Amino acid sequence: MAAAAAHLLLLSLICSLFVYQCHGACAEVDSDTEAVAGKGFKLGCISCKRRSEVDGAATVEWYFRAKGEADFVHIYTYNEDGPTIEHDHFIDRVDWNGSKRSNDIQDASIYLLNVTFNDSGTYQCFLNRILFYAFYEYNTVISKVVHLTVVAKATRGTASIVSEVMMYVTIIGLQVWLLIEMIYCYRKIAAAGEEALREAANAEYLAIASESKDNMAGVQVGE
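Only a predicted model underlies this, so the values are computations on that prediction, with no experimental measurement involved.

With that out of the way, let us pick up the overall build of the protein chain. For the protein chain, the helix and strand inventory stands at two helices and nine strands. Along the chain direction, N to C, the helices and strands of the protein chain fall in the order α-β-β-β-β-β-β-β-β-β-α. Here the protein chain holds 223 residues, and 28% of them are scored as buried. Residue pairs in contact within the protein chain that sit at least 24 positions apart in sequence constitute 59% of those at least 6 positions apart.

Here it is in structure tokens:
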């Protein structure tokens, strides 16, 4: 019985750990590339960790090169201290639209307000990530490039529609997979619990039978 209880406890801990580690789904989706003048626009930059169980921290930097220009300019920084707009052209026009309440950033997207035709050009996102292993830290830099075109009227392309559909399909698929794994774990826990109860019942039955046998033997000796 003790062995069955230990097995049940271990299985419960494994399932709990699995559910904790798989609480969220991350899907890398390319940013849209066409903005409408006068509207808002999300500049996407997503980099999912390959090892979700490893703690990490990241800082984000965005750069912009206008059409016809040769050099990039630093426009935005996001770190543990919060956001900083680095260029006058984007003052009061950029909001953080990425991961929240965590320094372990996987979504480094920003939201551009009141888009103008002067915002057309190339945007580059740098995600500086540190992974904290038991005995060392691993530093890596991920970069994403968005070529933005500003138009007067929206003309949503097929690529944008397919990209959005694939994003939702991926997220739903991951959540369904997680649900299936949770059901499997809970069934294993229930089966182990039933086995433990059966072993306890058998042990109790054998104890009662043994006691009854001893009592009968005592009566026969007395006679």
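Once that is clear, we can look at the sheet that holds strand β2 (residues 41-43). The three strands lie next to each other as β2-β7-β6, forming an open sheet whose pairing is antiparallel. In the strand order of this sheet, the two ends are held by β2 and β6 (94-96), each with one partner. Going across the sheet, the axis of each strand differs from the next one's by a mean of 30°, ignoring polarity. Bridge count between β2 and strand β7 (residues 110-112): three bridges; the pairing is antiparallel. Bridge pairing in β7 links lysine 42 to tyrosine 111.

Before going further, it helps to examine the pattern of salt bridges. Working definition: two side chains of opposite charge can pair if their charged atoms are close together. Enumeration according to the criterion identifies four salt bridges in this entry. Put simply, aspartate 104 and lysine 49 hold a salt bridge, and the shortest N to O gap is 2.6 Å. Taken together, the positions of aspartate 104 in the loop between β6 and β7 and lysine 49 in the loop between β2 and β3 (55-66) put the pair 55 residues apart, joining distant regions of the chain.

What follows deals with the state of the cysteines. As enumerated under the stated definition, the model contains one disulfide in all. Note on cysteine connectivity: cysteine 45 is disulfide-linked to cysteine 125, with sulfurs 2.1 Å apart. Measuring the twist about the S-S bond at about -70°, one finds the cysteine 45-cysteine 125 disulfide to be left-handed. One end of the pair, cysteine 45, is in the loop between β2 and β3; the other, cysteine 125, is in strand β8 (residues 121-132), with 80 residues separating them in the sequence. Each member of the pair cysteine 45 and cysteine 125 is classed as buried.

This next bit is on a nonpolar patch on the surface. On the surface, Tyr168, Ile172, Val176 and Ile180 cluster together to form a nonpolar patch covering roughly 400 Å² of accessible area. Relative to the helices and strands, isoleucine 172 resides in helix α2 (residues 158-222).

With a phi angle near 60°, arginine 101 is a residue other than glycine that sits in the positive phi range. Mapped onto the secondary structure, arginine 101 falls in the loop between β6 and β7. Positive phi, close to 45°, is recorded for asparagine 114, a residue that is not glycine. Relative to the helices and strands, asparagine 114 resides in the loop between β7 and β8.

For the rest of this paragraph, the subject is the sheet that holds strand β5 (residues 82-85). An order of β1-β9-β8-β3-β4-β5 is seen for the six strands of this open sheet, with the pairing classed as mixed. One side of each edge strand has no neighbouring strand; the edge strands of this open sheet are β1 (34-36) and β5. Across the sheet, the mean angle separating the axes of adjacent strands is 25° when strand polarity is ignored. Relative to strand β4 (residues 73-79), β3 is paired through five bridges, and the arrangement is antiparallel. Across the sheet, valine 60 pairs through a bridge with tyrosine 78, a residue of β4.

Bringing the nonpolar core into the picture now. Grouped together as the largest cluster of nonpolar side chains are 26 residues, with contacts concentrated most on Val60, Trp62 and Tyr123. For this core, the elements supplying multiple residues, two or more each, are β2, β3, β4, β6, β7, β8 and β9 (137-151).

Rules behind the numbers
- Residues numbered from 1 in each chain as written.
- Predicted model: local features only at pLDDT ≥ 70, side-chain atom pairs only at ≥ 80, totals over all residues.
- Heavy atoms only, no water.
- Helix = DSSP H or I, 4+ residues; strand = E, 2+ residues; numbered from the N terminus.
- Buried < 20%, exposed > 50% of the residue type's maximum accessible area, 1.4 Å probe, protein only.
- Contact = heavy atoms within 4.5 Å.
- Pairing = 2+ DSSP bridges.
- Axes fitted to C-alpha atoms, helices over the stretch in contact; angles between N-to-C directions.
- Salt bridge = Lys/Arg side-chain N within 4 Å of Asp/Glu carboxyl O.
- Disulfide = S-S within 2.5 Å.
- Patch = residues over 30% accessible without salt bridge, like charges linked within 9 Å, V, L, I, M, F, W, Y side chains within 5 Å.
- Areas by Shrake-Rupley, 256 points an atom, 1.4 Å probe, with all protein chains shown as cover.
- Core = buried A, V, L, I, M, F, W, Y, C linked by side-chain atoms within 4.5 Å.

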